[in-house]
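Below, each chain spelled out in residue letters.
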Number of protein chains: 4
Amino acid sequence: MTASTPSVFKRRESDARSYCRSFDTVFTSASGSEMTDADGRTYIDFLAGCSSLNYGHNDPDMKTALIEHISSDGIAHGLDMHTASKAAFLETFEEKILKPRGMDHKVMMVGPTGTNAVEAAMKLARKVTGRSNIIAFTNGFHGMSLGALAATGNAGKRGGAGMDLHGVTRMPYEGAFGDGIDTLSIIEQMLDNPSSGIDAPAAFILEPVQGEGGLNAASKEWIEGIGRLAKKHGALLILDDIQAGIGRCGTFFSFEEMDVEPDLIPLAKSLSGMGLPFAALLIRPQHDIWSPAEHNGTFRGNTHAFVTAKVAIDKFWSDSQFQRHVARRATVVEHGLNTIADMVPGARLKGRGMMRGVDVGSGDLAGEICARAFENGLIIETSGADDEVVKILAPLTTPDETLQRGLDILIAAARDVLSTTKLAAE
Amino acid sequence: MTASTPSVFKRRESDARSYCRSFDTVFTSASGSEMTDADGRTYIDFLAGCSSLNYGHNDPDMKTALIEHISSDGIAHGLDMHTASKAAFLETFEEKILKPRGMDHKVMMVGPTGTNAVEAAMKLARKVTGRSNIIAFTNGFHGMSLGALAATGNAGKRGGAGMDLHGVTRMPYEGAFGDGIDTLSIIEQMLDNPSSGIDAPAAFILEPVQGEGGLNAASKEWIEGIGRLAKKHGALLILDDIQAGIGRCGTFFSFEEMDVEPDLIPLAKSLSGMGLPFAALLIRPQHDIWSPAEHNGTFRGNTHAFVTAKVAIDKFWSDSQFQRHVARRATVVEHGLNTIADMVPGARLKGRGMMRGVDVGSGDLAGEICARAFENGLIIETSGADDEVVKILAPLTTPDETLQRGLDILIAAARDVLSTTKLAAE
Amino acid sequence: MTASTPSVFKRRESDARSYCRSFDTVFTSASGSEMTDADGRTYIDFLAGCSSLNYGHNDPDMKTALIEHISSDGIAHGLDMHTASKAAFLETFEEKILKPRGMDHKVMMVGPTGTNAVEAAMKLARKVTGRSNIIAFTNGFHGMSLGALAATGNAGKRGGAGMDLHGVTRMPYEGAFGDGIDTLSIIEQMLDNPSSGIDAPAAFILEPVQGEGGLNAASKEWIEGIGRLAKKHGALLILDDIQAGIGRCGTFFSFEEMDVEPDLIPLAKSLSGMGLPFAALLIRPQHDIWSPAEHNGTFRGNTHAFVTAKVAIDKFWSDSQFQRHVARRATVVEHGLNTIADMVPGARLKGRGMMRGVDVGSGDLAGEICARAFENGLIIETSGADDEVVKILAPLTTPDETLQRGLDILIAAARDVLSTTKLAAE
Amino acid sequence: MTASTPSVFKRRESDARSYCRSFDTVFTSASGSEMTDADGRTYIDFLAGCSSLNYGHNDPDMKTALIEHISSDGIAHGLDMHTASKAAFLETFEEKILKPRGMDHKVMMVGPTGTNAVEAAMKLARKVTGRSNIIAFTNGFHGMSLGALAATGNAGKRGGAGMDLHGVTRMPYEGAFGDGIDTLSIIEQMLDNPSSGIDAPAAFILEPVQGEGGLNAASKEWIEGIGRLAKKHGALLILDDIQAGIGRCGTFFSFEEMDVEPDLIPLAKSLSGMGLPFAALLIRPQHDIWSPAEHNGTFRGNTHAFVTAKVAIDKFWSDSQFQRHVARRATVVEHGLNTIADMVPGARLKGRGMMRGVDVGSGDLAGEICARAFENGLIIETSGADDEVVKILAPLTTPDETLQRGLDILIAAARDVLSTTKLAAE
């Protein structure tokens, strides 16, 4: 804790707190791609609330709309009653997101956490199929409540349950055993063999790009293959687009360029547009067999989030301009990461779109690079089973100049750390 | 759906939606104890977001503070980094809530849903004790994600899981077998018998007043007894104060007048003060053995909620004035409910403080009374295993005149329904 | 270990061995109600293989038949193929056991252990009902494989699983909370309450007399009540007659005098008549929905046991003479136990028929009495959650003189131990 | 059912019966490698009680010893008390089996079924490691009680549980994905990856040759690799030798020629020598941490089986002569199966030693061949996930002439069926 950090955090906040340990200062305000701390120092944000701030901090149009809503006594909390704000959000979501993509999913307002959307998806898949087994993948991350945690791969997180986790069978993600082994074929053989011991699946749940698991981006072919396998075995396909969706990979959904029909799509993080707690589950209509309140929750349907989410969709997804900007920025990010990859023997670029990183082969090294970058004004984190990936999740709206400045800090940090390491080794 | 209800709800929102079915109109704004719909009609709110709006809708001081925060680019989303808003909330919570009550609990920011606070509590109890079995009670409600759902009693909700629920043993709440049977003694005998088949418990989890389960209010003696049993058997005591806390029962925590030391206290609903998604787990310091991020979540620590929660605490809990007002209003509510109880043979008052209701012996009857009340401008819901309790969860700040007007509508609705029923019977 | 005990036991047999610790000698032969050790010493057997030797050791007619079978190359192992021995057993069982009792159960040959019969019953109940939850009772003992163990109450045995046990809800047996509390009513209330958290049961499994759990004998009324509850809730009734059946309580089945229709009846222990491994599950025909080999096992249908079991039935159950003898001996046993009960303040008689014991209030005391009795030539064990019951399971065929001699040893042992204890206390 | 089959089987035996459906006659006696039915017809037995009769039916020396034991009132049932017969068995087992192989395992007498030995092994591995996850393999078969069933791969058998199975993670056996994929490497990668979602294992359980799963015989290298993996990850190695052991693969244990140190070895089937129910678990001494009776069972330690098992060991394992005979017969069997393989395009030989078969690529074809063979006097069954393997489990003692005669019947049956099929196709 720095001298200026109030002691109340150490004294009163649970030891479960984590990001504040890496970024040890006290933030007071934020705008666009930058955060400011109590000492007036400004940081470029390449973490973006773990992809919850894809449109940056405090977008002015969202702010205006939200302030207007609050000022006029707009509903702040309405359980899941009908509100004008919800209607407006749903109509916009239908018109600008679903229809142009040929989707007719229903929208389920779940508790405003990604894990709750995943819980709802897992429940519904089990209810629809009458089966309990859900296939999840190595390095997957789907949340921390008991149902979703069973689908999460990380040993430390799983251990936190304090009990055995049930209802999930693990299969290898694409590339899990190196380039030479086709994991799709492995999975197919396991499912086709009636003595494999793998119970008939209710669903496959996967992230098109694994955000926490090391920015593993599955190929179009592999995800389409999983989609076919799911159909063949009577299982639902749950594409968890909580981190990879809402533009992060360049399109609203991360799987738009794939020939798949996901049955259930959990959304959260950037869905509200402004970082407000909000999550939803998209459901293909034939699977929407919930009884009223069969899965419920007090904060489902955050009305403030409806307001900002509508602004976000109208502003960024009414035409293809935003997508083009994101594509361009993705090229810039890739270029910067290549520079780092060139410094580290064996380093590999990971991810897709604006969800990119570089695997530097060691969690220690990645951690030191991020720590050095923070000293120099850049907020950035690692990813991967061993934290071996330096991960960039910059706001998709980051101005070119800021993006380049952030990359320069990161490259310099990598250079510094590597030269120190090299010196130490000599 | 009324003529004016936008068709988008039916077309696009999941069938899981529920409250909107009972209150079929579109709400546009709300203030204090009243909500207004698109037709300009005003309703008195005796539901208060299921106790999430204990201070009413859109408290002017909270609105002002939140608008000021947003206008000045205050952090909207900061993961669990240190923010000035979080520091201010923690300091106020420590000073005005914990200290005066002799509590030194740590505060864990969990995903902003009650169920997530419960999940964290159950995990932590298991981790602390190395045991997996958690004892929950008949008619308990603790949430809908898989871990918390195992502790929830409602058959319909449990069935939604689509798989077996694990890690919980059920015991009878006070009064579960009628007045003649001391359930505390039964539980003690089960736990003392090494061949009872009840595995050593990691924790007891209970609501001091069961909000969804029928407004069963356990006595001081019974809850203290559970506390002693927990100690005797090396188990933690989790008092789930999500619905009964934050003033609902007359004091900030619902158990303040009891001689218990809860190890873990999940809080949510009215914690933010304004109905914003926010939840926390209070942890006795010796149990705060989490590793960093061992339980995490993107929206833990909703910064907007920190802002309003601090206002709520400063405004309502700096002295005892608010508690006195609540006590007075509770008397008014009790008087009103007694009037209804007098009309229905066998009816019984349920609950405690401003968490009151009347068990009219039949879910159909209770439902008709609430429906009739809604027609006459009162938002009110039922509770209980068979929805047999007409439940009042009015904002604690409801002005006396409004409170009386709401009660009058309710009493008239009960009279109407009962006379119709009587006529039909004749 | 006595001087003459071969060291191979300590050196080579697993520490899981147990009875040999209480009866530390090496047995070489046995006949009727007596066992003889390597030193030529003879012991009266009041344990009877935990009720596996209801007809005593090495019944001469069974011996003759078995030797004849072996000599003539009768099948020793035939999987579950048709054999002449199996046909003969089934025909006898049908004619002498089922028909006279108005039963038309099918007979399922399971692996030759009681636990396997219980596993088959639990599986079948789940398959028939499509539910997984099975209600078992405090102090119940149903076996040690994982499915049956979940239904067993003993904490030490359960702990041996090394993992959580699933699929069973525990309810109180008759008398579990003392005389004043009607556990049947408690169970009914739990099941009738849709928010109790008790999932709809596939079955109730119970022992009419709890052999390991302390010789608790449920009343006719209570068991009939459980039968009615099972019917009301669409659950099967599994009466585990492994220890209490085959004459132990005075009739072939322990429940013959009750108005119940058990759906599934696991049998084992004395079924073979001679102590050979043999178990079966009786199934009401409408529930016999097994696919071929859906539950199988290599040793299902022990052919040697078919041979001896047929002799046992023909010899003892062709008329009512044997039952009359058993009834008379039960009176003798009761008389003897009363003598002991009179010596110990608060002692209570337990059990029914020839499955009797005396609760002396302390496991230490009961253990000392049994140890002293063994020194004096009587094999006898304790029972109960705290081993507080001195339990008599003498062969039902024990000659009056031997029975009295055994009782005399036991009474003397009790007197000795009590006087020593009393002296020590003074 | 043939005309002469007593109707009692259909009327009274559960539909779970299975082998009697394939071999629809009534057997009356058996000797050596042949069984005789009620019509006086004799069959060569290539099933041998699923490898429970490795020394053939009714070995004369075992018969003599058992008759002598019974005649002299030797103990028939002694719970787990010390008996002279048990001492003699243990001493022989120690002297002739363990010592020559450099093994110092303890012997645990479990319930007399293979599944019970597996249950004990799984419990003990969990107890020793404090972990619950056990890794089992595709196509594995370990038993039908709930714990062992979780480790069994067959979908039909698993479905019989009627509930989810817990505590087991499935991994691919050698060759599960074809020759090109090294499953050992796959397993290692899964275990080394801390985000794979595979919980730290308590044990690996595997059959060196998969009897029910299709006679898959793992290589020395692969099993040694699993042994190394187990050590590396702190897990126990359970080699389930129930079907492959006791000489079936040519040596007493199936793994004798491998450099592995199995921690736990479940034995059953041919352990008694004469087909009597008997099972045991061998335990490396450091893992024998059972409390007395922590896993128990009424029929553990079948005394009749001690008598015959001792004879079997003395007779067949005192020197290497028997092993040489088995090796020679294995060559004969292999030759015969090759003849069949040559008839069927794509057919492959499976198994090892006297546990051999031919995969004819289709369950229908394999079934027809076995059915035709039975018509001609040969008892033989299929194996494999799709019953696609014609499996030979002839007694290891089968005289050369009988063995050849059996093979001739089988070859002729294959030729007949194939020519009929070919004709039908034309």
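By the naming in an unreviewed UniProt entry, chain A goes by Diaminobutyrate--2-oxoglutarate transaminase and is assigned to Sagittula salina. Per its UniProt entry, chain A bears the Cofactor (unreviewed entry) comment "pyridoxal 5'-phosphate". UniProt, in its Pathway (unreviewed entry) section for chain A, records the words "Amine and polyamine biosynthesis; ectoine biosynthesis; L-ectoine from L-aspartate 4-semialdehyde: step 1/3."

> Would you explain the sheet that holds strand 14 (residues 355-359) of chain A in this entry?
Each strand in a sheet pairs with another by means of backbone hydrogen bonds, the pair being arranged parallel or else antiparallel. Residues and elements named next belong to chain A. One open sheet accounts for four strands, arranged 13-14-17-16; its pairing is antiparallel. Of all strands in the sheet, those with a lone pairing partner are strand 13 (348-352) and strand 16 (381-383), marking the two edges. Taken over all neighbouring pairs, the strand axes of this sheet differ in orientation by 35° on average, direction set aside. Looking at chain direction, strand 16 and strand 17 (residues 389-392) are connected through three bridges and run antiparallel. Paired with T382 across the bridge in strand 17 is V390. The strands that helix 12 (residues 321-343) touches are strand 13, strand 14 and strand 17; relative to strand 14, the one it contacts most, it runs at about 5°.

> What exactly am I supposed to notice about the nonpolar core here?
For soluble globular proteins, nonpolar side chains are generally found buried alongside one another. F93 of chain A, F93 of chain B, F93 of chain C together with F93 of chain D are the most contacted members of the largest nonpolar core, which has 390 residues in total. With near-sequence residues (within four places) excluded, F93 of chain B lies in contact with L98, V107, F252, F253, L267, L271, L282 and I313 of chain B.

> Even after reading the chapter, I still don't get the state of the cysteines, so can you show me in this structure?
Chemically, a disulfide is nothing more than a covalent bond linking the sulfur atoms of two cysteines. One pass over the structure, following the stated rule, counts zero disulfides over all chains. Unpaired in this structure, C50 of chain A has its nearest cysteine sulfur neighbour in C370 of chain A, at a distance of 12 Å. The exposure class assigned to C50 of chain A is buried, which follows from its relative accessible area of 3%. For C20 of chain C, which is in no disulfide, the shortest distance to another cysteine sulfur is to C50 of chain C and amounts to 13 Å. Note on C20 of chain C: relative accessible area 2%, which makes it buried.

> Help me understand the packing of helix 5 (residues 84-98) of chain B against helix 11 (residues 303-317) of chain B in this model?
Two quantities define a packed helix pair, namely the angle between the helix axes and the distance between the axes. All names here are of chain B. Taken N-terminus to C-terminus, the directions of helix 5 and helix 11 make an angle of 30°; their axes are 9 Å apart at the nearest point. Considered as vectors, helix 5 and helix 11 are oriented roughly parallel to each other. Remark: the crossing between helix 5 and helix 11 carries left-handed chirality. Contact residues: S85, K86, A88, F89, T92, F93, K96 and I97 in helix 5; T303, F306, V307, A309, K310, I313, D314 and W317 in helix 11. For the contact of helix 5 with helix 11, the class distribution of residues is nine nonpolar, three polar and four charged.

Reading guide: rules and limits
Residues numbered from 1 in each chain as written. Chains lettered and ligands numbered in written order. Predicted model: local features only at pLDDT ≥ 70, side-chain atom pairs only at ≥ 80, totals over all residues. Heavy atoms only, no water. UniProt positions renumbered as here; feature names shortened; annotations may be inferred. Pairing = 2+ DSSP bridges. Helix = DSSP H or I, 4+ residues; strand = E, 2+ residues; numbered from the N terminus. Axes fitted to C-alpha atoms, helices over the stretch in contact; angles between N-to-C directions. Contact = heavy atoms within 4.5 Å. Core = buried A, V, L, I, M, F, W, Y, C linked by side-chain atoms within 4.5 Å. Buried < 20%, exposed > 50% of the residue type's maximum accessible area, 1.4 Å probe, protein only. Disulfide = S-S within 2.5 Å. Parallel < 35°, antiparallel > 145°, perpendicular 65-115°, else oblique. Left-handed = near helix turned anticlockwise from the far one by under 90°. Nonpolar A, V, L, I, M, F, W, Y, C, P; charged D, E, K, R; others polar.

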